[in-house]
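Below are the chains, spelled out letter by letter.
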Amino acid sequence: MTDTEAMADEFDTMAAWTADAVAQLGQEHAVPAACRGSGSPAALYWLADRLGLRSGMRLLDCGAGVGGPAELAAHRYGVRPVLAEPMTAACRASARLFGHPVVAAAGERLPFAAGMFDAVWSLGVLCTVPDQAGLLAELRRVAEPDAPVGMLVFLRTVERLPEQPEGNSFRTEAELAKLLAGAGLVVAEQAELADFADPEPDWRAAADRVEELIERQHGGDRRWQTARQQEQIIGGLISEGLVAGRLLVLRQAG
Ligand SMILES: C[S@@+](CC[C@H](N)C(=O)[O-])C[C@H]1O[C@@H](n2cnc3c(N)ncnc32)[C@H](O)[C@@H]1O
């Protein structure tokens, strides 16, 4: 199996199955099930507050997945999100669940004019992107000159990882610093994902119900098994402290 196929199982097929499961279980499951890898609501609110999100702002969510974080931002802060995501079934899933505008596009080639957004965020995406410098340059380009860029980045804390999910490439802190400097982005604030409270039990329970239904309906499918394996590898790396999530509030240099 290629890296691309494994990532499609994890981010495309699973997205479609997630939207189907939510349709069967009820819309109250949508946001918890559609926050894939972006951490807890507490972490998202921290980031949203630091980015100064407020009513009417145009927020780009780059690598938006199934769209849970963008919906959270729209619901709580009143922003007008636009989603960009290369996996077309994920685009359809987010549109079906939340109805926000979405474009099928890779973060390295965003189909937007320069300076179009009042804020930009990209959550759990950098490690999945082949051209990471290209992604950062694009995030900066489409943000207004004084607009903040928020990221959740999973960093490698050791020289070598025993294994990693197909298609992922985790940077060290020093490598990330170089990438950011190259893109003309400066860290204004940061926080460790592990320092935020876990989601509330009802949030976790809703996400679990969706996962259980997907497993019942698709557990025998090779694509489900690949996606589950990918998730278990990243989960294991995080729980062993070999990879750690960091939230970043970035400003444009100069
Ligand atoms: C771990 S998921 C996070 C999804 C979402 N941001 C969230 O927090 O729920 C990573 C996402 O990055 C997307 N992705 C992969 N390659 C990408 C690229 N080149 N540009 C933008 N997004 C990409 C994947 O399809 C997937 O939806």
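## Some points on the packing of aromatic side chains
Part 1: According to the stated counting rule, one finds two aromatic pairs in the structure shown.
Part 2: Plain terms: the ring middles of tryptophan 46 and phenylalanine 196 are 6.0 Å apart, the flat faces sit at 65° to each other, and that makes the pair edge-to-face. Taken together, the residues tryptophan 46 in helix α3 (residues 41-51) and phenylalanine 196 in the loop between β6 (185-192) and α8 (201-218) connect sequence positions 150 residues apart.
Part 3: Ring geometry for phenylalanine 112 and phenylalanine 117: centres 5.1 Å apart, planes at 85°, overall edge-to-face. This pair shows no difference in class: phenylalanine 112 is buried, exactly as phenylalanine 117 is.
Part 4: It is arginine 76 that lies over the ring of tyrosine 45; its NZ or CZ is 3.6 Å from the centre.

## Overview of the pattern of salt bridges
Where side chains of opposite charge bring their charged atoms close, a pairing between them can arise.
Part 1: A full pass over the atoms with the stated rule returns 14 salt bridges.
Part 2: For the salt bridge of arginine 58 with aspartate 118, the shortest nitrogen-to-oxygen distance reads 2.9 Å. Linking arginine 58 in strand β1 (residues 58-62) with aspartate 118 in the loop between β3 (102-103) and β4 (119-123), this pair joins segments that are 60 residues apart in sequence.
Part 3: Note that glutamate 138 is salt-bridged to arginine 141, the shortest N-O span being 2.6 Å. Residue glutamate 138 and its partner arginine 141 are both found in helix α6 (residues 132-142); the two are separated by three residues, about one turn of the helix.
Part 4: Given the relative accessible area of 30%, arginine 141 is considered partly exposed.
Part 5: Salt bridges linked by common partners bring Arg58, Asp118 and Glu144 together as one network.

## Here we look at the sheet that holds β4
Part 1: With respect to topology, seven strands assemble into an open sheet ordered β3-β2-β1-β4-β5-β7-β6, the strand pairing being mixed. Only two strands of the sheet have a single neighbouring strand rather than two, namely β3 and β6.
Part 2: Bridge count for β6 against strand β7 (residues 243-252) is seven bridges, and the pairing is antiparallel. In the sheet register, glutamate 192 faces β7, and the bridge partner there is arginine 246.
Part 3: Its contacts with the sheet put α3 on β4, β5 (149-156), β6 and β7, and the angle it makes with β7 is roughly 15°.

Quick notes on the rules
Residues numbered from 1 in each chain as written. Predicted model: local features only at pLDDT ≥ 70, side-chain atom pairs only at ≥ 80, totals over all residues. Heavy atoms only, no water. Phe/Tyr/Trp six-rings, centres within 6.5 Å; stacked < 30°, edge-to-face > 60°. Helix = DSSP H or I, 4+ residues; strand = E, 2+ residues; numbered from the N terminus. Buried < 20%, exposed > 50% of the residue type's maximum accessible area, 1.4 Å probe, protein only. Lys NZ or Arg CZ within 6 Å of the ring centre and 35° of its normal. Salt bridge = Lys/Arg side-chain N within 4 Å of Asp/Glu carboxyl O. Pairing = 2+ DSSP bridges. Contact = heavy atoms within 4.5 Å. Axes fitted to C-alpha atoms, helices over the stretch in contact; angles between N-to-C directions.

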